[in-house]
Amino acid sequence: MREQFPFFKAHPELVYLDTAATSQKPQVLLDAIQNYYVNDNANVHRGLYKLAYDTTEAYENVRQQVAGFLGAASADEIIFTRGTTDSLNLVASAYGPQVVTAGSQIVVTGAEHHSNFIPWQQLAKRQQATFTVTPVKPDGTVDIAALLAAITPQTKVVAVAQVTNVAGDTLPIAKIAAKAHAVGAVVVVDGAQAVAHLAVDVQAMGADFYAFSGHKIYGPTGIGVLYGR
Ligand code: PMP
């Protein structure tokens, strides 16, 4: 395993325990980036010559691969962003105001990362909506009963991590989505800590939006994904 990461040749003495924050980069990734810029570089979707068509095809193939990785119904449900934070801010700022109005409710858990907390807190403030933060238990895990009980007919968005970065607990998204959908709310799932560890199926879990980052799963920094059903 270590041999696949040049980082450990530079730091043979190190055991790296911060992969949940950001992963080290395997040679295969570094080669792919280098190879693209050396051999293939052209303007994706904006050039009318063979090289541009080839890079566009390669780019769209990745969208298809990501759709498969998440169990999405179509590659059209996948867009590329700068990371989880960017994906979640995009949903909160572009889609949020369409469904959250005065008197609406947004529900998040007390174990959300700031990137799945502050955009919703600010949206609620702007729209004069109620912002409900559900409690965590003394061990840091999310209180699922309290979360389910917080969802009301006024709820428009339920924003939760699939795996939290607080205690590492996995939330029962399908159960949460069933309750949310019953009142007409959408479920926004922060998958930043989940995609590296779980077989994700956005359709089975009933996620309406799902976000993750490249840099936590051995990809480059500055690329992320947003799935929208
Ligand atoms: N959500 C969770 C659960 C995370 O652990 C992180 C990264 N620590 C993020 C969101 C934010 O990811 P990024 O900085 O790549 O946007």
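## Concerning the site of the ligand
- Around the ligand lies a shell formed by Thr84, Thr85, His113, Ser115, Asn165, Asp190, Ala192, Gln193, Ser213, His215 and Lys216.
- Between the ligand and the protein, one listed contact pairs an oxygen atom with a backbone N or O atom of Thr84 at 3.5 Å.
- Considered on its own, the ligand offers 400 Å² of accessible surface; in the complex 84% of this is hidden by protein.

## Section: helix 4 (residues 84–99)
- Across its 16 residues, helix 4 extends 21 Å between first and last C-alpha, which sits within 8% of the 22 Å expected from 1.5 Å per residue.
- Of all the bends found along helix 4, the most pronounced is centred on Ser93 and spans about 30 degrees, while Pro97, a proline, follows it within four residues.
- Burial in helix 4 covers these residues: Thr84, Ser87, Leu88, Val91, Ala92 and Gly96.
- Residues of helix 4 that are buried in the fold lie against strand 1 (78–81), helix 5 (118–127), strand 5 (186–190), strand 6 (209–213) and strand 7 (224–228).

## Considering the packing of helix 4 against helix 5
- Packing of helix 4 against helix 5 brings their axes to within 9 Å, and their N-to-C directions diverge by 20 degrees. Judged on the interaxial angle alone, helix 5 and helix 4 are roughly parallel. Read as a crossing pair, helix 4 and helix 5 show a hand that is right-handed. Side by side, helix 4 and helix 5 meet where Leu88, Asn89, Val91, Ala92, Gly96 and Pro97 of the first sit next to Pro119, Trp120, Leu123, Arg126 and Gln127 of the second.
- Class assignment for the residues of the contact of helix 4 with helix 5 results in 7 nonpolar, 3 polar and 1 charged.

## Comments concerning the side chain of Ser104
- Residue placement: Ser104 occurs in the loop between helix 4 and strand 2 (105–109).
- Using a relative accessible area of 4% as the deciding quantity, one classes Ser104 as buried.
- For Ser104, the contacting residues outside a window of four places in its chain are Val99, Ala129, Thr130, Gln154 and Lys156.

Thresholds, definitions, all that
- Per-chain numbering applies: the sequence of each chain, read as written, is numbered from 1 onward.
- Given that the model is predicted, a residue must reach a pLDDT of at least 70 before its local features are reported, and side-chain atom pairs must reach 80 or more before they are shown or counted; all residues, however, enter totals for whole chains, interfaces and linings.
- Think of the side-chain values as coming from all heavy atoms in the structure, minus any hydrogens and water.
- Any residue with a heavy atom positioned within 4 Å of a molecule or strand is treated as near that molecule or strand.
- Throughout this description, a polar contact denotes any pair of N or O atoms lying within 3.5 Å of each other; where both atoms belong to protein, one of them has to be capable of donating a hydrogen while the other can accept it, and for residues adjacent in sequence the pair is counted only when both atoms sit in side chains.
- The protein chains shown are the only cover counted for residues, whose accessible areas, like all others here, come from Shrake-Rupley with a 1.4 Å probe.
- Numbering goes from the N terminus for both helices and strands, where a helix is a DSSP run of H or I of at least four residues and a strand is a run of E of at least two.
- Multiply 1.5 Å by the residue count of a helix minus one, and that product is the helix's expected span.
- Here the bend at a residue means the angle between the axes of two seven-residue stretches, the one that ends at it and the one that starts at it.
- Partly exposed residues are those whose accessible area sits between 20% and 50% of the maximum for their type, while under 20% is buried and over 50% is exposed, using a 1.4 Å probe and protein chains only.
- In this description, contact between two residues means that some pair of their heavy atoms is separated by no more than 4.5 Å.
- Each axis is a line fitted through C-alpha atoms, taken for helices only over the stretch in contact, and angles between the N-to-C directions span 0 to 180 degrees.
- Here is the rule for angles: anything less than 35 degrees is roughly parallel, anything more than 145 is roughly antiparallel, 65 through 115 is roughly perpendicular, and the remaining ranges are oblique.
- The sense of a crossing depends on the near helix, which, turned anticlockwise from the far helix by less than a right angle, makes the crossing left-handed and, turned clockwise, makes it right-handed.
- For this scheme, ten residues count as nonpolar: Ala, Val, Leu, Ile, Met, Phe, Trp, Tyr, Cys and Pro. Four count as charged, namely Asp, Glu, Lys and Arg, and the remainder, Gly too, count as polar.

Note that all results are geometric; they support no functional claim without further evidence.
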